[in-house]
Amino acid sequence: QVQLVESGGGLVQAGGSLRLSCAASGRTFSYYTIGWFRQAPGKEREFVAAIRWSGVSSDYADSVKDRFTISRDNAKNTVYLQMNSLKPEDTAVYYCALVRYIAGSRRSDQYDYWGQGTQVTVSS
């Protein structure tokens, strides 16, 4: 079993920044991708960003590209999502997720493990 725990969400004004963390524990896999997804009220879950555990590559949704940065610290078993220039439309519950044996994925239905989510609210 893999456990993923998100933290770092909160309330921030438009234009501000937050850094989300995703701490992983439990079973270790050789190859996997960590993704960030978000879900706003009344909307489908959408892809935000993903990174291979090695950090060799990363991927971003067009809506967050050049504003958000995904990174990892393998020594701490933690993946981060640095969110800058936040907009009200970024308001959502943010989830981290892990998919085994796939080098990058934007499809939520491919991911094997999910965290509980952390709320991000951006006020105007």
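Being a predicted model, the structure only gives us computed values, none of them experimental.

1. Here we look at the pattern of salt bridges
Turning to step 1, where the next piece is worked out: For the coordinates displayed, the defined rule picks out six salt bridges.
Turning to step 2, where the next piece is worked out: We note a salt bridge from Arg38 to Glu46, for which the minimum N-O separation is 2.7 Å.
Turning to step 3, where the next piece is worked out: Under the relative-accessibility criterion, Arg38 is labelled buried at 5%.
Turning to step 4, where the next piece is worked out: Given the relative accessible area of 35%, Glu46 is considered partly exposed.
Turning to step 5, where the next piece is worked out: Arg67 serves as the salt-bridge partner of Asp90, at 2.8 Å between the closest nitrogen and oxygen. Here Arg67 lies in the loop between strand E6 (58-60) and strand E7 (68-73) and Asp90 lies in the loop between strand E8 (78-83) and strand E9 (92-100), a separation of 23 residues in the sequence.
Turning to step 6, where the next piece is worked out: What you see here is one network of salt bridges that share partners, running through Arg38, Glu46, Arg67 and Asp90.

2. Quick look at the side chain of Arg67
Turning to step 1, where the next piece is worked out: The buried category is assigned to Arg67, whose relative accessible area is 11%.
Turning to step 2, where the next piece is worked out: In this structure the side chain of Arg67 is engaged in a polar contact, spanning 2.9 Å, whose partner is the backbone oxygen of Ser63.
Turning to step 3, where the next piece is worked out: Setting aside anything within four residues of it in sequence, one finds Arg67 in contact with Gln82, Met83, Asn84, Ser85, Leu86, Lys87 and Asp90.

About the cut-offs
Residues numbered from 1 in each chain as written. Predicted model: local features only at pLDDT ≥ 70, side-chain atom pairs only at ≥ 80, totals over all residues. Heavy atoms only, no water. Salt bridge = Lys/Arg side-chain N within 4 Å of Asp/Glu carboxyl O. Buried < 20%, exposed > 50% of the residue type's maximum accessible area, 1.4 Å probe, protein only. Helix = DSSP H or I, 4+ residues; strand = E, 2+ residues; numbered from the N terminus. Polar contact = N/O pair within 3.5 Å; in protein donor to acceptor, adjacent residues only side chain to side chain. Contact = heavy atoms within 4.5 Å.

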